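A look at the structure
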Amino acid sequence: MQLRLPWARGPTNNPDLENDETNENQNDILQEIEAYGDQIASKLDGQVRIGFQNINGITKSAGLIGAEELEAMNEMNFDLIGMIETNVNWNHDARNYLHSAAHLRFNNTSRCVMSSSRASPTDTYLPGGTAMITQGKFSGRIIARGMDRLGSFTWMAIRGKKDIGVIAITAYRVCQRAGTKSGPDTAFTRQCIQMREEGDKNPDPRNKIFENMNEILDEWMGKGFHPIVMIDSNSEITERNLNEFTERNGLHDIITTGREMEAPPSYARGKKRIDFLLGNDHVQRAVINSGALGLYDGLKASDHTMQYVDLDEKLLFQDDTFTPMPGFHREFKLHDVKRKNKFQETLQERYVHQNIAKRVTELATKMENAAQIDEADIKAYNDL
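Within any chain, residue numbers begin from 1 and follow the written order of that chain's sequence. Selection of residues for local features in this predicted model requires a pLDDT of at least 70, selection of side-chain atom pairs for listing and counting requires 80 or more, and totals for whole chains, interfaces and linings are taken over all residues. Calculation of side-chain values draws on the structure's entire complement of heavy atoms; hydrogens and water are dropped beforehand.

**Points about the pairing of strand β7 (residues 80–84)**
Burial status follows relative accessibility: with a 1.4 Å probe on protein chains alone, a residue under 20% of its type maximum counts as buried, one over 50% as exposed, and anything between as partly exposed. Only DSSP runs of H or I reaching four residues or more are called helices, and only runs of E reaching two or more are called strands; each is numbered from the N terminus. Burial runs high along β7: five of the five residues are buried. Because side chains alternate across β7, one face comprises the buried residues L80, G82 and I84, and the other comprises I81 and M83, equally buried. For β7 and strand β9 (residues 130–135), the ladder comprises five bridges, and the chain directions are antiparallel. By the bridge assignment, G82 is partnered in β9 with M132. Strand pairing is assigned whenever DSSP detects at least two bridges linking the two strands.

**Thoughts on the sheet that holds strand β8 (residues 110–115)**
Pairing is mixed across the open sheet formed by seven strands, whose spatial order is β3-β16-β17-β4-β7-β9-β8. For this open sheet the edge positions go to β3 (36–37) and β8, each flanked by a neighbour on one side alone. Of the pairings in the sheet, the one linking β8 to β9 comprises six bridges and is antiparallel in character. Looking at β9, one finds that S110 is bridged to Q135. Contacting β8 and β9, helix α2 (residues 92–105) runs over the sheet at an angle of about 155° to β8. Should any heavy atoms of two residues lie within 4.5 Å, those residues are counted as being in contact. Lines are fitted to the C-alpha atoms to define the axes, a helix being fitted only along its stretch in contact, and any angle between axes, read from their N-to-C directions, falls within 0 to 180 degrees.

**What about the side chain of E239?**
Within the element layout of this structure, E239 appears in the loop between β13 (225–232) and α5 (240–248). What makes E239 buried here is its relative accessible area of 15%. Residue contacts for E239: discarding those within four places in its chain leaves R173 and R206.

**A closer look at the packing of aromatic side chains**
To pair, rings of Phe, Tyr and Trp, with the six-membered ring standing in for Trp, must have centres within 6.5 Å; the planes then decide the type, stacked if under 30 degrees apart, edge-to-face if over 60, and tilted in the middle. All told, the structure shown has four aromatic pairs when counted by the stated rule. Ring centres 6.0 Å apart and planes at 45° place the aromatic pair W155 and W220 in the tilted group. Note that W155 is positioned in strand β11 (residues 153–159) and W220 in helix α4 (residues 205–221), a separation of 65 residues in sequence. Comparing W155 with W220, the two get one shared label, buried. Any Lys NZ or Arg CZ found within 6 Å of a ring centre and within 35 degrees of that ring's normal is scored as a charge over the ring. We note R141 situated over the ring of F317; from NZ or CZ to the ring centre the distance is 4.3 Å. The residue whose ring lies beneath K223 is W220, and the NZ or CZ to ring-centre distance is 4.0 Å.

**Some remarks on the environment of S290**
Looking at where S290 falls in the secondary structure, it is placed in strand β16 (residues 287–292). Taking C-alpha positions, S290 is 4.2 Å from V309, a pair spaced 19 residues apart along the chain. A polar atom in the side chain of S290 sits 3.4 Å from the backbone oxygen of I254. A 3.5 Å cut-off defines polar contacts: any pair of N or O atoms within that distance qualifies, except that in protein one atom must be a possible hydrogen donor and the other a possible acceptor, and neighbouring residues in sequence count only when both atoms are side-chain atoms.

So this is what it looks like as structure tokens:
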């Protein structure tokens, strides 16, 4: 069955699609794609839900970015989402808009990280880019986050018990091969320009992403963290370079592993599955449910389906997670009036003497905007 979506504008909607080898159905008619795998259901206690989607442009409205995607994240009870092709220049203002929207939606328990290729500060639209958002349980575990310098992926390191943890990556691999002629506004062209400026005479952004992701995975897997990679690869999983990447890092396709039924395309303008949620053996053992949602059932209307997985948190992290309670929800328990007054007087004196307000504000601003929290930040937090 095929139908024409009112928001579909054909293959030129995204300049990166002009040379997409997977784009075998280049017209305004989008094929309907049914859900695959386990049907997404109510998330139970002890489960962690992760998902990602190529959203083909994040929503913007009333000074906020991503309100529609955040609402869908909340309704479907995702702990972590990855978004691909956000198509935003993630400058200071844009980052703050998304942070603000996420904090409002999730009661100050969210964390975000974004990536985009290099651009002028005044540019607002920027092809490609990724973002990751957590809320609740995952947010309390994040110890580091970052992005690659080309803007092709973001990552978060999520701590478990002792030396166990998860290194999660959300990645967008451009569709153009090295040497392809492409328009000036594509993510491919911008990444090529940046790589040439860095001294690469034969830039190949399509495969450079694997080298850059391997650096992050090597670092964190060496510390005992297990990989979860969410990628729009613009290729089938059997493609040589992607296959080498998955074999090198011991990654499996979580959505199709153990299923006999062939998975449908993940992209409505083509005939191939190009969006993959990958994990190693440790992650695979923690899987409870996994699947791909129907074309219209993801974070927003897009021409890619959303992939998701429910994981057993004890198997994944070797312990229970918890949702941090915002400070304004915590009650004062002391009932003796004299002791309470004395406590408040002493607290106020120390608050002023130690300049707590300024220290908290400066540290919060630094952590909000930093790509990675270092040991000095952790010490400053613990010293408050």
